[in-house]
Amino acid sequence: FFYFDSVESLPAEPLDPSDFKPLNSRYDAQISVFGSKLQKKLEDAKVFMVGSGALGCEFLKNLALMGVSCGSQGKLTITDDDVIEKSNLSRQFLFRDWNIGQAKSTVAASAAASINPRLKIEALQNRVGPETEGVFNDTFWEKLTVVINALDNVNARLYVDQRCLYFQKPLLESGTLGAKCNTQMVIPHLTENYGASRDPPEKQAPMCTVHSFPHNIDHCLTWARSEFEGLLEKTPAEVNAYLSNPVEYASSMKNAGDAQAKDNLERVLECLDREKCETFQDCITWARLRFEDYFVNRVKQLIFTFPEEAATSTGAPFWSAPKRFPHPLQFSAADTSHLNFIIAASILRAETFGISVPDWVKNPKMLSEAVDKVIVPDFQPREGVKIETDEKAASLSAASVDDAAVINELLLKLELCRNNLPSGFRMKPISFEKDDDTNYHMDLIAGLANMRARNYSIPEVDKLKAKFIAGRIIPAIATSTAMATGLVCLELYKVLDGAHKVEDYRNTFANLALPLFSIAEPVPPKVMKHRDMSWTVWDRWILKDNPTLRELIQWLKDKGLNAYSISYGSCLLFNSMFPRHKERLDKKVVDVAREIAKAELPPYRSHLDVVVACEDDDDNDIDIPQVSIYYG
Amino acid sequence: MNGEELTEQETALYDRQIRVWGADAQRRLSKSHILVYGMKGTVAEFCKNIVLAGVGSVTLVDDREVTEEALSANFLILPDENLYHGKTLAEVCCDSLKEFNPMVHVSVEKGDISTFGVEFFGKFDAVVISCCSLAKKKLINQKCRKLPKRVAFYTVDCRGTCGEIFVDLKDYKYSKKKLEETDECQLEFPSFEDTISVPWKALPKRVSKLYFAMRVIEQFEDAEGRNPGETSIADLPGVLKLRKELCETNSVNESQIPDALLERLLIGTSEYPPVCAIIGGILGQEVIKAISGKGDPLKNFFFFDAMDGKGLIEDISEPKPVS
């Protein structure tokens, strides 16, 4: 079960037979196949490994055995901002039980060095992204020989891909999902980059479905996750933002003046005024009233606005499939699932207010008594309440004319509240952590989702399944992980050898469950052409000697390209539409970037990159490479 | 299953893999006993995989002493003479493997495996052998087959950039998920001896050249009384002569087994780490499938050649009589 013809992938240049003689080293097997020159290249390689989890551990083991970065000039930098936890240990075999809580990259590096003490490895804990470009700066990237991805998410992969495109570095990419794995080689100028072909984005349920018309447990879990974040993370963070800088916060709310700002303020006010918690009993009250609001009152309002026999504007029944007609729940302290909801919600609420949890919470009788003490106001559904039904609606905030006035009112009320608070009062936002079974996070998420499911007569799920869906867990096993890294490491030899054609490389896809094993040549990059020039996404055009905007435009004009817009990052430096911009034409590009775009160009930088939009003489848009302007 | 639930420890540790193969498969794994012979790099990878997966026990057999050569592809052996001095390959690997999963019982069995009786093999659910001569492979396979219970049998060998796996599951009943349903399937596997006795002329032309090449080398080592892997380029004339004989006997063209391929197998007696990871991963998953009784097994040979990157599954069995 394979595709494509065989191609030799020995070193591209003919080698002297003596190159293959064993050197009495642990790498003799490799030398006999690939020669000692290539082995030396491996040893002196400067490698950047992004990620130190399952793939990372397997890679480090392979690289240590192969002798990669084990020579005097070699360097392997590995980075990962995550710490080790229990469920990692079923794949990430460089970690032990006593490493739980420690940084993945450090522990992995140390274990890899035991396999080969010559390994020149440095472990960092930075997440790669725009915020860490000070750590992974130009000098760092320029020195690299190859980049190896060992990541678990697409966004990070796209970022690394962009960096490798920019610095023209080979990127070895791989991923697993259960028994499936795939590898992709990204070689400068030879292959397309990782981001050139994207999987279609996951379909997300429309907002109104999640908010009012769920019909499966995924909708309920999405809603639960969203409520969790809103109640326990976002609102407390918003409260703190206000309390830390009341004046700035107030003016930015006034400036925004929209429905979103109004909603934020209402939530902050709720926390500090009407629903403020000072004792644990307050938290129980809050939890009980949340239950009533979510699973009783909102449903009553919904079915009041849209009764069972309601019809749409076309006369069809409103509550036709897939919509499910909901029923309000009736709270009972005798129902363990209701009580468990109260426990999880009140404990987490208490955590955000820094209130300690009393022992009697574990006593069901005392807990029921505490809950029964809560006075639950009567609820009457109202006429004229707007409930979003349009699937295309992206936001649920209903804008209204007097938002600005309401915002002012809210701000005044907030000021009064603030003055009554102890000085230095802050809340503690909670970040969802799915893998700690003692933190009540999954208990609350499952509780929220299942009570909601009960409203809509949707089958409920156990905590394991809830964790899988809400936690967006990726099922993972050691076998496919090991295989993926083996396949990538085979390609590493070709990358370091350097002189191979695109047909020599292999992308693979395998599914060990079937079993299925397929290989393919990487796809070359798309070639853009204009007059006698051609280029790909890998190219950059370079202008030296500190040109002005006019000189840049003329340089492009000489190539038959009419530049009409020039940007630096997200800032527009020049656009032929604006008469004012003509004043800038004789300024140096770097100066315009500094003045207009407030570009911070550190002393070690000698160039900046601009994106230029061009047309040819027939007004066709031409996608040109990034242009690097050297001013230093 | 038997109403025996996984412990809280196991659920926490195996969470990510239970989501792949299910709690029932995990339970079966935790009760399984695996025998492993020949502790080279690929087998080390395989052992790592099944220990992490949480099998019940792994018994290692390899009385050879640790040499520097072992360090080239076996990551279970750390390059510290103090750690491995005076110990056998099995003993050092056992020490390392134990650390990967304290819930798996890893132990060493000493002695000549050819002398172990049928009852010994009966203690295991799967037997994986490497670095075995032709005679030993046949012998152990026969003993496994004699048992009334099914003992899954695998051979695995990596030479340089090439790897080979052989699978014998006897009469194998298993389940397979198809969309919403589960199908019950059955496969009959030929023994190792029967498999390699299939006349070469009866096999499809496109069968991997590696199959034939490995059989030539195997028979050469057997005829010369060599230990597996004890060859060099100096043996090429002898091997070519044997190839000529075998091809004549089997009425196939010698070009089916290229010189260059035989050379590579003769020279490349050491293992190559990335190939060990690939083969060890595939073999690990096969054993997990066989223990859990879920999913199509590999039938019955797998070949990998890093030179072209191809991974091939070959079904080498007597063609079914047309009735």
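Quoted verbatim from the Sequence similarities (unreviewed entry) field of the UniProt record, the comment on chain B reads "Belongs to the ubiquitin-activating E1 family." Entered under Pathway (unreviewed entry) in the UniProt record, the comment concerning chain B runs "Protein modification; protein sumoylation."

An unreviewed UniProt entry annotates chain A as E1 ubiquitin-activating enzyme originating from Gossypium aridum. UniProt, in the comment section headed Pathway (unreviewed entry), describes chain A in these words: "Protein modification; protein ubiquitination." The Catalytic activity (unreviewed entry) comment attached to chain A in UniProt states, word for word, "ATP + ubiquitin + [E1 ubiquitin-activating enzyme]-L-cysteine = AMP + diphosphate + S-ubiquitinyl-[E1 ubiquitin-activating enzyme]-L-cysteine."

All told, the structure shown has zero disulfides over all chains when counted by the stated rule. The thiol of A:Cys571 is unpaired, and the distance to the nearest cysteine sulfur, on A:Cys614, comes to 18 Å. B:Cys93 provides the cysteine sulfur closest to B:Cys94, a residue in no disulfide bond, and the two sulfurs are 8.8 Å apart. Owing to a relative accessible area of 4%, B:Cys94 belongs among the buried residues under this scheme.

Turning our eyes to something else, we now look at the nonpolar core. What tends to happen in soluble globular proteins is that the nonpolar side chains get buried as a cluster. Core analysis: the biggest nonpolar cluster contains 123 residues, and A:Phe517, B:Leu60, B:Tyr154 and B:Phe304 have the highest contact counts within it. Among the elements that take part in this core, helix α17 (residues 478-497) of chain A stands out by supplying 11 residues, more than any other. Counting residues in hydrophobic clusters, the runner-up holds 80 residues, among them A:Cys277, A:Trp319, A:Leu339 and A:Ala350.

It is worth spelling out the domain arrangement of chain B at this point. All names here are of chain B. For chain B, the assigned domains are domain 1 (8-194 + 271-314) and domain 2 (197-267). At the junction of the two partners, domain 1 supplies 22 residues and domain 2 supplies 20 residues. Buried surface at the junction of domain 1 and domain 2, summed over both partners, amounts to about 1,600 Å²; 57% is from carbon and sulfur atoms. Taken together, the connections running from domain 1 to domain 2 amount to five salt bridges. Linking domain 1 with domain 2 are 12 residue pairs in polar contact (both at pLDDT 80 or more). Every element with two or more residues in the side of domain 1 that touches domain 2 is listed here: α7 (134-146), β5 (152-159), β6 (162-168), α8 (192-197), β9 (301-305) and β10 (310-314). A total of four residues in the side of domain 1 that touches domain 2 trace back to one element, the largest contributor, which is β9. Of the residues contributing to the side of domain 1 that touches domain 2, the split by class is 11 nonpolar, three polar and eight charged.

Attention now goes to the domain arrangement of chain A. Here chain A is described as being made up of domain 1 (31-196 + 475-520), domain 2 (215-390 + 400-457) and domain 3 (530-630). Of note, the centres of domain 1 of chain A and domain 2 of chain A, computed from C-alpha atoms alone, are 44 Å apart.

Bringing the sheet that holds strand β2 (residues 75-79) of chain A into the picture now. Residues and elements named next belong to chain A. The strand order across the open sheet built from eight strands is β3-β2-β1-β4-β5-β6-β7-β8, with neighbouring strands paired in mixed fashion. One side of each edge strand has no neighbouring strand; the edge strands of this open sheet are β3 (121-124) and β8 (516-520). The average undirected angle you get between the axes of adjacent strands in this sheet is 10°. Of the pairings in the sheet, the one linking strand β4 (residues 146-149) to strand β5 (residues 171-177) comprises two bridges and is parallel in character. Looking at β5, one finds that isoleucine 148 is bridged to leucine 172. Packed on one face of the sheet, helix α4 (residues 104-115) meets β2 and β3 and runs near 165° to β3. In the packing of helix α6 (residues 154-167) onto the sheet, contacts are made with β1 (46-50), β4, β5 and β6 (180-186), and the angle to β5 comes to roughly 170°.

Thresholds, definitions, all that
Residues numbered from 1 in each chain as written. Chains lettered and ligands numbered in written order. Predicted model: local features only at pLDDT ≥ 70, side-chain atom pairs only at ≥ 80, totals over all residues. Heavy atoms only, no water. UniProt positions renumbered as here; feature names shortened; annotations may be inferred. Disulfide = S-S within 2.5 Å. Buried < 20%, exposed > 50% of the residue type's maximum accessible area, 1.4 Å probe, protein only. Core = buried A, V, L, I, M, F, W, Y, C linked by side-chain atoms within 4.5 Å. Helix = DSSP H or I, 4+ residues; strand = E, 2+ residues; numbered from the N terminus. Domains from an automatic or database assignment. Contact = heavy atoms within 4.5 Å. Buried area = accessible area lost by both parts, 1.4 Å probe. Salt bridge = Lys/Arg side-chain N within 4 Å of Asp/Glu carboxyl O. Polar contact = N/O pair within 3.5 Å; in protein donor to acceptor, adjacent residues only side chain to side chain. Nonpolar A, V, L, I, M, F, W, Y, C, P; charged D, E, K, R; others polar. Pairing = 2+ DSSP bridges. Axes fitted to C-alpha atoms, helices over the stretch in contact; angles between N-to-C directions.

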